[in-house]
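Overview (structure and organization)
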Amino acid sequence: MVSQKIKTALAGSSVIRAMFTEGKEMAKKYGAENVYDFSLGNPATPAPEAVKESIKKILDEKDPMYIHGYMDNSGYEEVREKIAQNLNKRFGTHFHFHNIIMTVGAAGGLNIVFKAILDPGDEVMVFAPYFGEYRSYAANFDAKIVEVNPDTATFEPDLADFEAKITAKTKAVIINTPNNPTGVVYKDKTLKGIAEILKQKQVEYHTDIYLISDEPYRELVYDGNKENFLTKYYENTIVGYSFSKSLSLPGERIGYVVVPEEASDSDMLISGINVANRTLGFVNAPSLMQLVAAECIEEKTDVAYYDANRTLLYQSLEQLGFCCFKPEGAFYLWMKSPDEDESRFVEQAKKYHLILVPGSAFAWKGYVRIAYCVSKETIEHSIPAFRKLAEEYRLTGK
Ligand SMILES: Cc1ncc(COP(=O)(O)O)c(C=O)c1O
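Numbers given to residues run from 1 along each chain, matching the order in which its sequence is written. Since the coordinates come from a predicted model, pLDDT governs what is reported: local features require at least 70, and pairs of side-chain atoms require 80 or more to be given and counted, while whole-chain, interface and lining totals use all residues. Heavy atoms from the whole structure form the basis of all side-chain values; hydrogens and water molecules are not counted.

Right, let's get into the overall build of the protein chain. Working definition: helices are DSSP H or I runs of at least four residues, strands are E runs of at least two. Numbering for both runs from the N terminus. Scanning the protein chain from N- to C-terminus turns up 15 helices and 15 strands. The quantity called the radius of gyration is restricted to C-alpha atoms. Its globule counterpart is 2.2 Å times the number of residues to the power 0.38. Scaling as 2.2 N^0.38, a compact globule of 398 residues should have a C-alpha radius of gyration of about 21 Å, and the protein chain matches this with 21 Å. Dimensions along the principal axes, computed over C-alpha positions, put the protein chain at roughly 60 × 55 × 55 Å. In the protein chain, which comprises 398 residues, the proportion classed as buried is 55%. Only heavy atoms matter for contacts: two residues are in contact if any of them lie within 4.5 Å across the pair. Looking at the protein chain alone, contacts between residues at least 24 apart form 73% of all its contacts between residues at least 6 apart. Only four residue types enter the tally: Lys and Arg on the positive side, Asp and Glu on the negative side, with His and both chain ends excluded. To locate a charge, take NZ of a lysine, CZ of an arginine, CG of an aspartate or CD of a glutamate. Across the protein chain, 45 positive and 55 negative side-chain charges occur, with their mean positions spaced 4 Å apart. Only protein chains enter the area calculation, which uses a 1.4 Å probe; residues under 20% of their type maximum are buried, those over 50% are exposed, and those in between are partly exposed.

In space, the four strands of this open sheet follow the order β11-β12-β15-β14, with antiparallel pairing throughout. What marks the edges here is a single partner per strand, and that holds for β11 (324–325) and β14 (357–358). We treat two strands as partners when DSSP finds at least two bridges between them. By the bridge criterion, two bridges tie β11 to strand β12 (residues 332–336) in an arrangement that is antiparallel. Within the sheet, the bridge partner assigned to Cys324 lies in β12 and is Met335.

Next up on the list: the domain arrangement of the protein chain. What the domain assignment lists for the protein chain is domain 1 (4–47 + 301–392) and domain 2 (49–295). On a C-alpha basis, the centroid separation for the pair domain 1 and domain 2 is 26 Å. In this complex, domain 1 contributes 30 residues to the contact, which on the side of domain 2 involves 42 residues. Each partner contributes to the roughly 2,700 Å² buried at the junction of domain 1 and domain 2, and carbon and sulfur atoms together form 58% of this total. When residues of domain 1 are sorted by the area they lose upon contact with domain 2, Ala47, Glu328 and Trp364 head the list and together hold 25% of the total. A side-chain nitrogen of Lys or Arg and a carboxyl oxygen of Asp or Glu constitute a salt bridge if their distance falls within 4 Å. Linking domain 1 with domain 2 are three salt bridges, by the criterion used here. Among the salt bridges present, the one from Asp223 reaches Arg310, with a minimum N-O distance of 2.8 Å. The source of the domain bounds is an automatic or database domain assignment. The term buried area means the drop in 1.4 Å probe accessible area that two parts suffer when joined, counted for both and summed.

To continue, consider the packing of helix α3 (residues 49–61) against helix α12 (residues 287–295). With their axes 9 Å apart at the nearest point, α3 and α12 run at an angle of 120° to one another. Between α3 and α12, the crossing angle belongs to the class labelled oblique. α3 and α12 meet at a crossing whose hand is right-handed. Only Leu288, Met289, Leu291, Val292 and Glu295 of α12 make contact with α3, whose side of the interface consists of Val51, Ser54, Ile55, Lys57, Ile58 and Leu59. Residues are grouped as follows: nonpolar covers Ala, Val, Leu, Ile, Met, Phe, Trp, Tyr, Cys and Pro; charged covers Asp, Glu, Lys and Arg; every other residue, Gly included, is treated as polar. When its residues are assigned to classes, the contact of α3 with α12 shows eight nonpolar, one polar and two charged. Note on geometry: axes are lines fitted to C-alpha atoms, helical ones only across the stretch in contact, with angles between N-to-C directions running from 0 to 180 degrees. Should an angle lie under 35 degrees it is considered roughly parallel, over 145 roughly antiparallel, and from 65 to 115 roughly perpendicular; all remaining angles are considered oblique. Take the far helix as the reference: if the near one is turned anticlockwise from it by less than a right angle, the crossing is left-handed, and if turned clockwise, right-handed.

In this section: the site of the ligand. The environment of the ligand is made up of 14 residues, and the closest members are Ala106, Asp214, Tyr217, Ser242 and Arg253. The term polar contact refers here to a pair of N or O atoms within 3.5 Å; inside protein, the definition further demands a hydrogen-donor-capable atom paired with an acceptor-capable atom, and it admits residues adjacent in sequence only when both atoms are side-chain atoms. A distance of 2.8 Å is found between an oxygen atom of the ligand and a side-chain nitrogen or oxygen belonging to Asn180. A distance of 2.6 Å separates an oxygen atom of the ligand from a polar side-chain atom of Tyr217. Areas reported here follow the Shrake-Rupley algorithm with a probe of radius 1.4 Å; residue values treat only the protein chains shown as occluding. When the free accessible area of the ligand is taken as 400 Å², the share hidden by the protein chains comes to 91%. Broken down by secondary-structure element, the contributors of at least two residues to the shell around the ligand are α6 (105–117) and α10 (243–246). When residues in the shell around the ligand are grouped by element, the largest group, three residues, is from α6. Of the residues belonging to the shell around the ligand, the class tally is six nonpolar, five polar and three charged. A cutoff of 4 Å decides nearness: a residue is near a molecule or strand if any of its heavy atoms lies inside that distance of it.

With that settled, the discussion passes to the packing of helix α5 (residues 77–91) against α12. Contact pair α5 / α12: the axes reach a minimum separation of 9 Å and the direction vectors enclose 30°. Seen along the crossing, α5 lies across α12 with a hand that is left-handed. Facing α5, whose interface residues are Glu78, Val79 and Lys82, α12 presents Gln290, Leu291, Ala294 and Glu295. Across the contact of α5 with α12, the residue classes tally to three nonpolar, one polar and three charged.

Once that is clear, we can look at a negative patch on the surface. A patch is a set of surface residues, each over 30% in relative accessible area and not in a salt bridge, joined within 9 Å for like charges and within 5 Å for the nonpolar side chains Val, Leu, Ile, Met, Phe, Trp and Tyr. A contiguous patch of negative charge, built from Glu235, Glu261, Glu262 and Asp267, is present on the exposed surface. Looking at where Asp267 falls in the secondary structure, it is placed in helix α11 (residues 266–279).

Here we take up the sheet that holds strand β10 (residues 255–258). Read from one edge of the open sheet, seven strands run β2-β10-β9-β8-β7-β3-β4, paired in mixed fashion. The two strands at the open ends of the sheet, each matched to only one other strand, are β2 (100–103) and β4 (144–148). Ignoring strand direction, the axes of neighbouring strands in this sheet form an average angle of 20°. Pairing of strand β7 (residues 170–175) with strand β8 (residues 210–214) involves four bridges; the strand directions are parallel. Bridge pairing in β8 links Ala172 to Tyr210. Set on the sheet, helix α9 (residues 188–205) makes contact with β3 (123–127), β7 and β8; between it and β7 the angle comes to about 175°. Packed on one face of the sheet, α11 meets β2, β8, β9 (237–242) and β10 and runs near 15° to β2.

Before going further, it helps to spend a moment on the environment of Gln200. As for its position among the elements, Gln200 is in helix α9. Among the residues examined, Gln200 registers a relative accessible area of 46% and is labelled partly exposed. When the C-alpha positions of Gln200 and Glu53 are compared, they lie 50 Å apart, and in sequence the two are 147 residues distant.

Below, the structure written as structure tokens:
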């Protein structure tokens, strides 16, 4: 008999994964070229050539006992120091290897941070719409998710709602910019506003509230938006990063967590996260990939590729009469559903072999997410299908 907890998890199992499976079945039935699967955030560009080269070089040149062996639960010191120096160079920070813990992707990073800070009943705030897996991660530690509404004109957090929902039990706030699912990049003013509110609430409740910045899309920004690093706004910021998107390595499960010296109980927190890596069974991040990430720290994904997809999709959908938020970052487009029931709209879209994800998967109904990390041809070939969908809803194109 499975546990009660996993029964609940099975019941709420990821809508996105289910759609991905459905997409695969549709592809078998109708041919992959006739199905337009915009469901999953799987990178569409191959890992930079330097990744392959560095794997070969590391395997050829380094001691196999070192590259495949156990190590400190936080990862190789040389890798952590390289990451610290790279961040310092780019963002004017002052980290050492001590502040960096290598993780099994962003997902592993969030779980070890949660393990280190959460007691049952603690509250974790999230800004809707948000990556639905945060619910699962909070449930792992019996924490309660508190959802903050967006300002629907901008899809940035509604700061008044945020302030009103913070309580003495608020332990963490997750922030994700560039955002999945909206593609919005939070403005400086919003980030300063969040920091101010948190500072006041910590004093009011005599508590520590950690801001956890989940940054797998940090480098994926367009239209002159700059890569940002959030520790400068608020001392109690912990950063979670992943190479899944920036180096197109989601299956390799490699990322890191940054805990600055200024964070409350910094040393104990770092030790706690290190121990959590062990006790949750990760033990350490994949050894070869740690070394590869360090070698390829200056590499970038093909941002121009996603940018071209973004422009093509956004302009095409707007011309057909759909109402879209122009993405500023990540590789998702957030579109208003022309049907008040967005799940019905998603079902209608499937008739034309279009696979979209309903906003309810991100705790915000009335919208859909379109992941444009696909080939340019997929977008081009999908436009007639979107046209038929627009006609069905009697949208008036431009
Ligand atoms: C916002 C966000 N956080 C975390 C993750 C998990 O990333 P990783 O593959 O590094 O675990 C994803 C993956 O899509 C994501 O979109």
